[in-house]
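Chain by chain, the residues:
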Amino acid sequence: MSATFLQPFLAYTTPKATTFTLDTESTYDWEAEEWSIPINFVVSQVVKLGKQPVQFGLGARYWAGTPDGGPDGWGARFQVTFLFPK
């Protein structure tokens, strides 16, 4: 498979460590000449569990473009990221 992956994003973090992110994780398949274009909006928050900082995120995904038989419509995203600052 010959493909190109693009992930442009725009993020804003508040002083209270809440982040609003808009991005796409687009893939172009050069052999099939088709795009997969999910658009994601995620809101995340950094909290401490004991001494461990953790980021929790919840968001929505919309498939703006997809090949035949690919995903379509709306979806949800939940993420947990463990942070290890120096």
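One can find the structure itself at the top, above this paragraph.
Residues numbered from 1 in each chain as written. Predicted model: local features only at pLDDT ≥ 70, side-chain atom pairs only at ≥ 80, totals over all residues. Heavy atoms only, no water.

A. Region of interest: the side chain of Asp29. Considering the arrangement of structural elements, one finds Asp29 in strand S4 (residues 26-29). Within the buried set, Asp29 has no salt-bridge partner at all; the shortest N-O distance to an opposite charge, 17 Å, is to Arg61. In terms of polar contacts, Asp29 uses its side chain to reach the backbone amide nitrogen of Ala32, at 3.1 Å. (Helix = DSSP H or I, 4+ residues; strand = E, 2+ residues; numbered from the N terminus. Buried < 20%, exposed > 50% of the residue type's maximum accessible area, 1.4 Å probe, protein only. Lys, Arg positive; Asp, Glu negative; His and termini not counted. Salt bridge = Lys/Arg side-chain N within 4 Å of Asp/Glu carboxyl O. Polar contact = N/O pair within 3.5 Å; in protein donor to acceptor, adjacent residues only side chain to side chain.)

B. Here's a closer look at the pairing of S4. In the sheet, strand S1 (residues 3-6) pairs with S4 via four bridges, with the strands oriented antiparallel. Paired with Thr4 across the bridge in S4 is Tyr28. Across three bridges, S4 lies against strand S5 (residues 34-49) in antiparallel orientation. Within S5, the residue paired with Asp29 across the bridge is Glu34. Between the end of S4 and the start of S5, which pair antiparallel, lie four residues, with Glu33 showing a positive phi angle near 55°. (Pairing = 2+ DSSP bridges.)

C. Representation of the packing of aromatic side chains. Taken as a whole and assessed by the stated rule, the structure comprises three aromatic pairs. Consider the rings of Tyr28 and Trp30, whose centres lie 4.7 Å apart with planes at 85°: the pair is edge-to-face. Residue classification places Tyr28 among the buried residues on the basis of a relative accessible area of 14%. For the pair Tyr28 and Trp35, a centre-to-centre distance of 5.0 Å together with 50° between the ring planes defines the contact as tilted. Three or more aromatic residues joined by ring pairs form one cluster here, namely Tyr28, Trp30 and Trp35. (Phe/Tyr/Trp six-rings, centres within 6.5 Å; stacked < 30°, edge-to-face > 60°.)

D. Local environment of unusual backbone geometry. Even without being a glycine, Ala17 presents a positive backbone phi close to 70°. Residue classification places Ala17 among the partly exposed positions, given a relative accessible area of 26%. The phi dihedral of Glu33 falls on the positive side, at around 55°, and the residue is not glycine. Along the polypeptide, Glu33 turns up in the loop between S4 and S5.

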